[in-house]
Amino acid sequence: MEVLCSSEAEVYLHGGCVTSWKLDGKELLFLRPDAVFNGEKPISGGIPHCFPQFGPGPLQQHGFARNMEWSIVSVENMQMNPCVTLELKDSPYSRGMWDYGFRALYKVTLHKDTLSTQITITNTHHTPFSFTTALHTYFKVSTIFKTNRNINNYVDICIYLIRVMQASAEEASVKCLKGCKTLNKEPDPRNPVEGKEERDVVTFLGFVDCIYLDAPDELHLDNGLGDSITIRNTNWSDTVLWNPYLTMESCYKDFVCVENARIGEIELQPNQSWTGVQHLIKA
Ligand SMILES: O=P(O)(O)OC[C@H]1O[C@H](O)[C@H](O)[C@@H](O)[C@@H]1O
């Protein structure tokens, strides 16, 4: 997908995953170095789906939608903005894990400065079902710990200290979460610790795996690379921040996940639908 040569996006049918969003050639999403595109596992990076379970829970971590092949329903040009709609339906594979009929429609629209996604889940089963879900968006960032050299001499120490002093300009941060109730999944994801976010500006200075309940419908991400991205949503009530720190030593300095999520179960009656909209807007 491309808009007047200034913005581009890439979408894979495997997992219905947006893997790239570039403005003027600059990538704003992140693909982990362990990402593979052979269909053998979910694509690690971009905007993977978590459905029908955010997790942890009885199904595999983050559910099966990110493992499955989605299909194209339509490709349109909406007032010069390319738009692709993908579909995922239950199959013997999904029924083996979650025995319900469903239809997911995922519409991805690329505007000049905005990447918009709309997901609609419909219950096509004859009984109600419940699910949790998220868009597990990986953003490319810089953190203050990023240094391309080992700190082993006086010059390196000086460079490192200068970087730390410049941290406010160079590190990724998220604004607008102050006051939210938090469920910190560290140290035990199955028994999250309740709390409240007191910071105006949330940074990623170590391992982060935290749910923000009833988060605002607009957040601001500073990626530490000179870009400010507004994350606006409708119906995605919760937010999850994740950075794996040293558990992913090769790449933790280069991305953060800011995930629009529904942590509490959504129940759908037969033929009922739920829709969540996300806009990523480069300021
Ligand atoms: O490695 P994955 O299965 O993609 O999951 C990566 C992470 O996703 C979310 O942000 C969860 O809150 C984390 O608990 C989980 O570790």
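Up top is the structure these notes are about.
Residues numbered from 1 in each chain as written. Predicted model: local features only at pLDDT ≥ 70, side-chain atom pairs only at ≥ 80, totals over all residues. Heavy atoms only, no water.

Further remarks concern the overall build of the protein. Of regular secondary structure, the protein possesses three helices and 21 strands. Taking 19 Å as the expected radius of gyration for a compact globule of 283 residues, we find that the protein reaches 19 Å, a close match to that expectation. Considered along the principal axes of its C-alpha atoms, the protein spans approximately 70 × 50 × 35 Å. Residues counted as buried form 50% of the 283 residues belonging to the protein. Once local pairs closer than 6 in sequence are excluded, the contacts in the protein between residues at least 24 apart make up 66%. (Helix = DSSP H or I, 4+ residues; strand = E, 2+ residues; numbered from the N terminus. Rg over C-alpha atoms; globule rule 2.2 N^0.38 Å. Buried < 20%, exposed > 50% of the residue type's maximum accessible area, 1.4 Å probe, protein only. Contact = heavy atoms within 4.5 Å.)

With that out of the way, let us pick up the environment of Val73. In this fold, Val73 is placed in strand E6 (residues 71-78). Taking the relative accessible area as the measure of exposure, Val73 reaches 42% and is therefore partly exposed. Separated by 160 residues in sequence, Val73 and Asn233 place their C-alpha atoms 23 Å apart. Sequence-distant contacts of Val73, that is, excluding residues within four places in its chain, are made with Thr85, Leu86, Glu87 and Leu105.

Right, let's get into the sheet that holds strand E8 (residues 102-110). What the nine strands build is an open sheet, ordered E6-E7-E8-E9-E21-E18-E17-E12-E15; its pairing is antiparallel. In this open sheet, the two strands that pair with only one neighbour each are E6 and strand E15 (201-203). On average, each strand axis in the sheet is inclined to that of its neighbour by 20°, with strand direction left out of account. Taken together, the three bridges between strand E12 (residues 173-175) and strand E17 (residues 218-222) define a ladder with antiparallel strand orientation. (Pairing = 2+ DSSP bridges. Axes fitted to C-alpha atoms, helices over the stretch in contact; angles between N-to-C directions.)

Now for the site of the ligand. Taken together, Arg32, Phe54, Gln61, His62, Arg66, His136, Tyr138, Lys185, Asp209, Val240, Trp242 and Glu259 make up all the residues around the ligand. His136 is positioned with one of its side-chain polar atoms (N or O) 2.6 Å from an oxygen atom of the ligand. If the ligand stood free it would expose 390 Å²; the protein chains cover 81% of that surface. Here the residues of the shell around the ligand are counted per class, giving four nonpolar, three polar and five charged. (Near = heavy atom within 4 Å. Polar contact = N/O pair within 3.5 Å; in protein donor to acceptor, adjacent residues only side chain to side chain. Areas by Shrake-Rupley, 256 points an atom, 1.4 Å probe, with all protein chains shown as cover. Nonpolar A, V, L, I, M, F, W, Y, C, P; charged D, E, K, R; others polar.)

Burial within strand E9 (residues 114-123) is extensive, with nine of its 10 residues counted as buried. In this sheet, E9 lies alongside E8 in antiparallel orientation, the contact comprising nine bridges. The residue of E9 that forms the bridge with Lys107 is Gln118. Bridging between E9 and strand E21 (residues 273-282) involves nine bridges; their strand directions are antiparallel. From the neighbouring strand, Gln118 faces E21, where its bridge partner is Val277.

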